[in-house]
Amino acid sequence: MKKRTLLIGNFGDHNVGDELILSLALEAYPNALVMTSNALASQTFCERTFPTVPFFPVGLRSFGRFIFSKKYRQSVKDLQKQVDQIVFPGGGLFAIRFKAYLLWFGVLFWCRLLLKRVPIVFEHQGIDTRIDFGKKMLLSWVFSGARKISTRNRASADLMRDICHRNIISEADRVRSWSVPFATEGPRLLLNAIRPCEAEYESLRKEFPHHTFVFIAFAPADLACVPEAFEGQVVFPRTQSEVKNIFSCFERAIGERLHFLICAQVFSKDQKVYSLRKPYSEKVDRFMDEEGITVF
């Protein structure tokens, strides 16, 4: 059996940014095996088929499934015969909540337990730098022994150098490498929010009365933030082609999620990109600072 690269990330959870990372990673590793919580959702978004495996058991439900499902246990064990490299291709896996640290600590625990001699590579990682001693210790264990580590901004690279005492490569977020065309049509304003934005929407509508508004959800939770009085199109992209079509034409993009802002920057030429409000997390704050994006 020919062995493959195993791609691991926050895939299958209907998050547009994470699925874009997967799609671009598959261009770098076209014959990869993908660990995803929802194979159909990931394949639909990436508009291609690829072999998949379920996530390691790192929660109560997955542990229960691991105990009672022989098929699931076998799929986990079979990785020993299928994988010759593990790549975490990007994203903010270790960010914001301690729950995320524990989740990915569990994933790395399985990687090292089951695939002891398989090299591990971390690419384009985003790490919150304002973290306590306990999180730093978890990161030290997680990244120890990795064959390569790269981060998506300089601040994350500086932190990882202090923790790991090794060379860390600073790159951009993987989605920034997306090469896409830009069309020119009438004035469109792309909007994204992760919290209710009734007042902000009213201000924007008065400021840009002749613009067509498009609210873009980058995760299912965003749909609950569409203003009640919203007059425009509401979209939740299910494929990368839909993302391209939406961002291929706009005059202004104003939003909150990191990968909404990244996509707007990727597609923009002279188009204006703003944050809707003060950044909700350090990763957004870092990106805005590096790209010169301001709060509208």
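See the structure shown above.
Predicted, not measured: the structure shown is a model, and the values here were computed from it.

*Asks:* Give me the lowdown on the pattern of salt bridges, citing residues and values where you can.
*Replies:* Taken as a whole and assessed by the stated rule, the structure comprises 13 salt bridges. R277 serves as the salt-bridge partner of E200, at 3.3 Å between the closest nitrogen and oxygen. Here E200 is found in helix α9 (residues 198–207), whereas its partner R277 is found in the loop between β13 (272–275) and α12 (282–291), with 77 residues between them in sequence. A relative accessible area of 25% places E200 in the partly exposed class. With its nearest N and O atoms 2.9 Å apart, the salt bridge here joins E251 to R252. Via salt bridges that share partners, R195, E200, E256 and R277 belong to a single interconnected network.

*Asks:* Can you explain the nonpolar core? Please cite residues and give values.
*Replies:* Nonpolar side chains tend to gather and get buried jointly when the protein is soluble and globular. If you look at the biggest cluster of nonpolar residues, it comprises 59 residues, and the most contacted ones within it are L7, W178, L190, I216 and F247. Counting 41 residues, the second largest nonpolar core, distinct from the first, contains W110, L139, A146 and I149.

*Asks:* Outline the sheet that holds β13, supporting the account with residue identities and numerical values.
*Replies:* Ordered in space as β11-β10-β9-β12-β13-β14, the 6 strands form an open sheet in which the pairing is parallel. The two strands at the open ends of the sheet, each matched to only one other strand, are β11 (232–235) and β14 (294–295). Pairing geometry for strand β9 (residues 188–191) and strand β12 (residues 252–255), over 3 bridges, is parallel. Following the sheet pairing, L189 is matched in β12 by R252. Packing of helix α10 (residues 240–247) onto the sheet brings it into contact with β9, β10 (212–216) and β11, and relative to β9 it is tilted by some 135°.

*Asks:* An account of the packing of aromatic side chains is requested, with residue identities and associated values reported.
*Replies:* Scanning all chains against the criterion turns up 22 aromatic pairs. With 4.7 Å between their ring centres and 45° between their planes, F105 and W141 make a pair best called tilted. Residue F105 is found in helix α6 (residues 98–114), and its partner W141 is found in helix α7 (residues 133–143); the two are separated by 36 residues along the sequence. F105 gets classed as partly exposed once you look at its relative accessible area, which sits at 26%. Plain terms: the ring middles of W178 and F267 are 5.5 Å apart, the flat faces sit at 85° to each other, and that makes the pair edge-to-face. Of this pair, W178 sits in the loop between β8 (169–170) and β9 while F267 sits in helix α11 (residues 258–267), placing them 89 residues apart in sequence. In this pair, the class of W178 matches that of F267, namely buried. Three or more aromatic residues joined by ring pairs make a cluster, and in this case those are F55, F88, F94, F98, Y101, W104, F122 and F143. Over the ring of Y72 we find R65, and its NZ or CZ is 4.2 Å from the ring centre.

*Asks:* Let's hear about unusual backbone geometry: which residues, and what values?
*Replies:* Phi at E47 takes a positive value of approximately 60°, unusual for a residue other than glycine. Examined against the element boundaries, E47 turns out to sit in the loop between α2 (39–46) and β3 (52–53). In this model, H124 sits at a positive phi of 55°, which is unusual for a non-glycine residue. With respect to the secondary-structure elements, H124 resides in strand β6 (residues 120–127).

*Asks:* Go over the environment of P30, please, and point to the residues and values.
*Replies:* Position of P30 relative to the elements: it lies in the loop between α1 (16–28) and β2 (33–35). Spatially, the C-alpha atom of P30 lies 9.2 Å from that of T5, the residues being 25 residues apart in sequence.

*Asks:* Describe the pairing of β6, with residues and values.
*Replies:* Among the 8 residues in β6, 8 count as buried, and that is most of the element. As paired strands, strand β4 (residues 83–88) and β6 are joined by 3 bridges and run parallel to one another. If you follow F88 over to β6, its bridge partner there is F122. Pairing between strand β5 (residues 91–94) and β6: 2 bridges, direction parallel. Bridging from a neighbouring strand, F94 pairs with I127 of β6. At this point the chain moves from β6, through α7, to the parallel strand β7 (residues 148–151), and the crossover so formed is right-handed.

The rules we used
- Residues numbered from 1 in each chain as written.
- Predicted model: local features only at pLDDT ≥ 70, side-chain atom pairs only at ≥ 80, totals over all residues.
- Heavy atoms only, no water.
- Salt bridge = Lys/Arg side-chain N within 4 Å of Asp/Glu carboxyl O.
- Helix = DSSP H or I, 4+ residues; strand = E, 2+ residues; numbered from the N terminus.
- Buried < 20%, exposed > 50% of the residue type's maximum accessible area, 1.4 Å probe, protein only.
- Core = buried A, V, L, I, M, F, W, Y, C linked by side-chain atoms within 4.5 Å.
- Pairing = 2+ DSSP bridges.
- Contact = heavy atoms within 4.5 Å.
- Axes fitted to C-alpha atoms, helices over the stretch in contact; angles between N-to-C directions.
- Phe/Tyr/Trp six-rings, centres within 6.5 Å; stacked < 30°, edge-to-face > 60°.
- Lys NZ or Arg CZ within 6 Å of the ring centre and 35° of its normal.
- Right-handed = clockwise from strand over helix to strand, strands pointing away.

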